[in-house]
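# A look at the structure
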Amino acid sequence: MSFKFESLNIWKKALDLSVEIDNIAKLFPKWEMFNLCSQIRRASDSVVLNIAEGCTGQTNPEFKRFLNYSIRSGIEVVSCLFIAKRKDYIQQDMFTKYYSEYEVLIKMITSFRDKLS
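Residues numbered from 1 in each chain as written. Predicted model: local features only at pLDDT ≥ 70, side-chain atom pairs only at ≥ 80, totals over all residues. Heavy atoms only, no water.

Within the secondary structure, Gly 54 is located in helix α2 (residues 36–55). Measuring from C-alpha to C-alpha, the distance between Gly 54 and Ile 71 comes to 13 Å, with 17 residues separating the pair along the chain. Leave out the neighbours within four places in its chain, and Gly 54 touches Phe 63 and Phe 66. (Helix = DSSP H or I, 4+ residues; strand = E, 2+ residues; numbered from the N terminus. Contact = heavy atoms within 4.5 Å.)

If you walk through the whole model with that rule in mind, you get 0 disulfides. The thiol sulfur of Cys 37 is not disulfide-bonded, and the nearest other cysteine sulfur, from Cys 80, lies at 9.9 Å. For Cys 37, a relative accessible area of 4% translates into the label buried. (Disulfide = S-S within 2.5 Å. Buried < 20%, exposed > 50% of the residue type's maximum accessible area, 1.4 Å probe, protein only.)

Moving on, we get to the side chain of Asn 50. Tracing the chain through its elements places Asn 50 in helix α2. Beyond its immediate chain neighbours, meaning those up to four positions away, Asn 50 contacts Phe 66, Tyr 69, Ser 70 and Ser 73.

Moving on: the nonpolar core. Residues Leu 8, Ile 21, Phe 28, Ile 40, Ile 51, Leu 81 and Ile 109 are the most contacted members of the largest nonpolar core, which totals 36 residues. Counting only elements with at least two residues in this core, the list comes to α1 (9–25), α2, α3 (60–86) and α4 (92–115). Setting aside residues up to four positions removed in sequence, Ile 21 forms contacts with Ile 40, Ser 44, Val 77, Leu 81, Tyr 98 and Tyr 102. (Core = buried A, V, L, I, M, F, W, Y, C linked by side-chain atoms within 4.5 Å.)

This next bit is on the side chain of Ser 73. Mapped onto the elements, Ser 73 comes out in helix α3. What Ser 73 contacts, discounting residues up to four positions off in sequence, is Ala 43, Ser 46, Val 47 and Asn 50.

Once that is clear, we can look at the packing of aromatic side chains. A full pass over the atoms with the stated rule returns 8 aromatic pairs. Residues Phe 3 and Phe 5 carry aromatic rings whose centres are separated by 5.6 Å and whose planes lie at 15 degrees to one another, so their mutual orientation is stacked. Its relative accessible area of 47% is what places Phe 3 among the partly exposed residues. Ring geometry for Phe 66 versus Tyr 69: centroids 5.7 Å apart, planes at 85 degrees, classification edge-to-face. Taken together, the residues Phe 66 and Tyr 69, both in helix α3 and 3 residues apart, mark about one turn of the helix. Among the aromatic residues, ring-to-ring pairing joins Phe 3, Phe 5 and Trp 11 into one connected group. The ring of Phe 95 is capped by Lys 85, whose NZ or CZ atom sits 4.7 Å from the centre of that ring. Lying across the ring of Tyr 98, Lys 97 places its NZ or CZ 4.7 Å from the centre. (Phe/Tyr/Trp six-rings, centres within 6.5 Å; stacked < 30°, edge-to-face > 60°. Lys NZ or Arg CZ within 6 Å of the ring centre and 35° of its normal.)

Compared with the 28 Å implied by 1.5 Å per residue over 20 residues, the 29 Å span of α2 between its first and last C-alpha is a close match. Once α2 finishes, Gly 57 follows within two positions and takes phi at roughly 70 degrees, a positive value. (Expected span 1.5 Å × (residues − 1).)

This part takes up the pattern of salt bridges. As enumerated under the stated definition, the model contains 9 salt bridges in all. In this structure, Glu 62 and Arg 65 form a salt bridge, with 2.3 Å as the shortest nitrogen-oxygen distance. Here Glu 62 and its partner Arg 65 are both found in helix α3, 3 residues apart, which amounts to about one turn of the helix. Residue Glu 62 is classed as partly exposed on the basis of its relative accessible area, which comes to 24%. (Salt bridge = Lys/Arg side-chain N within 4 Å of Asp/Glu carboxyl O.)

Here it is in structure tokens:
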């Protein structure tokens, strides 16, 4: 592996979830393409990108700042899931699965952040 972030479990999990969220967004109505579809995709990608950007060549305080951004983006994904469920774009079981997945990821990122000196 060439880059430090590639070995991080938080980055790997965020990347996997980003791909899954992209697939979910494809289920949304076409009229949401530039609204909720775009928003949830950008937020899920942002989790991955901020972990990578913060990890590479940054000080620990700077890395923590980027991890905070990734946590906020994860919360944004969860909020988009609530909207998608409320608008009946996804079913309860899908909502529950990804709500739980992001809850775990955010806890992992928070724990990782808190362990940085």
